[in-house]
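# Commentary on secondary and tertiary structure
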Amino acid sequence: MGMPTTPVPYDFIGDVLITPQQIEDRVRELGQQITRDYQNSDHLLILGLLRGSVMFITDLMRHIQRPMTMDFMSVASYSGTESSGFIRIEADHKTSIQNWDVILVDDIVDTGYTLNFVRKLLLDRNPRSLKICALLDKVERRKAAVPIDYCGFTIPDYFVMGYGLDIDENGRNLPYICSVNLEKYNQRSQP
Ligand code: 5GP
Ligand code: MG
Ligand code: MG
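All of the points below concern the structure found in this document. Throughout, residues of each chain are indexed from 1 in the direction in which the sequence is written. Key to labels: chains lettered from A, ligands numbered from 1, both in the order written. Predicted model: local features are reported for residues with pLDDT of at least 70 only, side-chain atom pairs are reported and counted for 80 or more only, and whole-chain, interface and lining totals are derived from all residues.

This next bit is on the overall build of the protein chain. Only DSSP runs of H or I covering at least 4 residues are called helices, and only runs of E covering at least 2 are called strands; the numbering of each starts at the N terminus. For the protein chain, the helix and strand inventory stands at 4 helices and 9 strands. The C-alpha atoms of the protein chain give 17 Å as radius of gyration, which agrees with the globular expectation for 191 residues (16 Å, within 12%). Across its three principal directions, the C-alpha atoms of the protein chain cover 50 × 35 × 30 Å. Buried residues are those with 20 or more other C-beta atoms within 10 Å of their own C-beta, exposed residues have 12 or fewer, and partly exposed residues lie in between; C-beta atoms are placed from the backbone. With 191 residues in all, the protein chain has 30% of them scored as buried. Contacts are defined on C-beta atoms placed from the backbone: any two residues whose C-beta positions lie within 7 Å are in contact. If you take every contact in the protein chain between residues at least 6 apart in sequence, the share linking residues at least 24 apart comes to 63%. For the radius of gyration, the atoms used are the C-alpha atoms, and the globule rule reads 2.2 Å times the number of residues raised to 0.38.

Below is the structure:
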């Protein structure tokens, strides 16, 4: 697919893996699928993991034609680009989830440690139902099993950024998903 043709705000962008059009089309499909699957539910809660899922969720919810509400929680599992396997709750969700059909949304499933941990935590809180939606799935990297009910795209083992996903908090604003050129990234001059 190559480099984008318009000027880019980062010099460590690798290849564009998923274009804005591909994202838009797939997110619409997921929203339509969720609309169908939850047509008998008036208690749909989209529960996102901060911060990577924010852009995905704001687009996804435009295509959910059911009553719904939105909440977030924040967990920490990563420092830089390596998973620690250690998960800590930084901020919990506000809604009491007992009466809700919950869809837990994250940007990407890598080792699976994060969603595996959060899923068990939420199940202990007795939601009416719980499903998982992830924009991206790096299948090859899985260490902990996670049932992904709604998956945007399966991707190879690249470190990616854009469309909400960051590298050290940079890159979330990009409208596409691209690999990070780690060599260039590590050589960059610090702002
Ligand atoms: P897991 O616990 O599944 O190993 O990691 C999940 C979290 O790691 C994701 O929510 C995301 O924050 C981060 N992560 C894993 N792979 C990538 C990647 O390629 N790019 C970015 N930006 N974050 C990633
Ligand atoms: Mg995350
Ligand atoms: Mg991150």
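Between the first and last residue of a helix there are one fewer steps than residues, each counted as 1.5 Å, and that sum is the expected span. Over its 18 residues, helix α1 (residues 20-37) extends 26 Å from the first C-alpha to the last, a length consistent with the 26 Å expected when each residue adds 1.5 Å. For α1, every residue scored as buried is listed here: Ile 23, Val 27, Leu 30 and Ile 34. When α1 is viewed along its axis, its buried side chains cluster within an angular range of 60 degrees and face the same direction. Residues Gln 21, Asp 25 and Arg 36 are exposed on α1 and point more than 90 degrees away from its buried face. Elements in contact with the buried residues of α1: β1 (13-18), α2 (54-61), β5 (101-109), β6 (129-137) and β7 (150-154). By definition, the arc is the one covered by directions from the helix axis to the C-beta atoms.

This paragraph deals with the sheet that holds strand β8 (residues 160-161). Strands pair, by our definition, only if DSSP identifies at least two bridges between them. Strand order in this open sheet of 3 strands is β1-β9-β8, and the pairing throughout is antiparallel. Strands with a single pairing partner mark the edges of an open sheet, and in this sheet they are β1 and β8. The pairing of β8 with strand β9 (residues 177-180) spans 2 bridges and is antiparallel. Across the sheet, Val 160 pairs through a bridge with Ser 179, a residue of β9.

Below, the discussion takes up unusual backbone geometry. With an omega dihedral of -5 degrees, the bond running from Leu 50 to Arg 51 counts as a cis peptide bond. Despite not being glycine, Asn 126 has its phi angle at roughly 55 degrees, a positive value. In this structure Asn 126 comes out as exposed when scored by C-beta crowding, with 11 C-beta atoms within 10 Å.

What follows is about the site of ligand 1. The criterion for a residue being near a molecule or strand is a backbone-placed C-beta atom within 6 Å of that molecule or strand. Around ligand 1 there are 19 residues in total, and Asp 110, Thr 111, Tyr 113, Thr 114 and Leu 165 lie nearest to it. Secondary-structure elements contributing two or more residues to the shell around ligand 1 are β3 (68-79), β5, α3 (113-123) and β8. When residues in the shell around ligand 1 are grouped by element, the largest group, 4 residues, is from β5. Charged residues are taken to be Asp, Glu, Lys and Arg, nonpolar residues to be Ala, Val, Leu, Ile, Met, Phe, Trp, Tyr, Cys and Pro, and polar residues to be all remaining types, Gly included. Residues that form the shell around ligand 1 fall into these classes: 9 nonpolar, 6 polar and 4 charged.

With 43 residues, the main nonpolar core has Phe 56, Ile 103, Leu 104, Val 105 and Tyr 163 as its most contacted residues. Non-local contacts of Leu 104, meaning those with residues more than four positions away in its chain, are made with Leu 47, Leu 115, Val 118, Arg 119, Leu 122, Leu 130 and Ile 132. Nonpolar cores are built from buried Ala, Val, Leu, Ile, Met, Phe, Trp, Tyr and Cys residues. These are joined into a set through C-beta atoms within 7 Å.

On a regular strand, each side chain points to the face opposite its neighbour's, so the side chains alternate between the two faces of the sheet. Pairing analysis gives 8 bridges linking β5 to β6, with the strands arranged parallel. Across the sheet, Asp 106 pairs through a bridge with Ala 134, a residue of β6.

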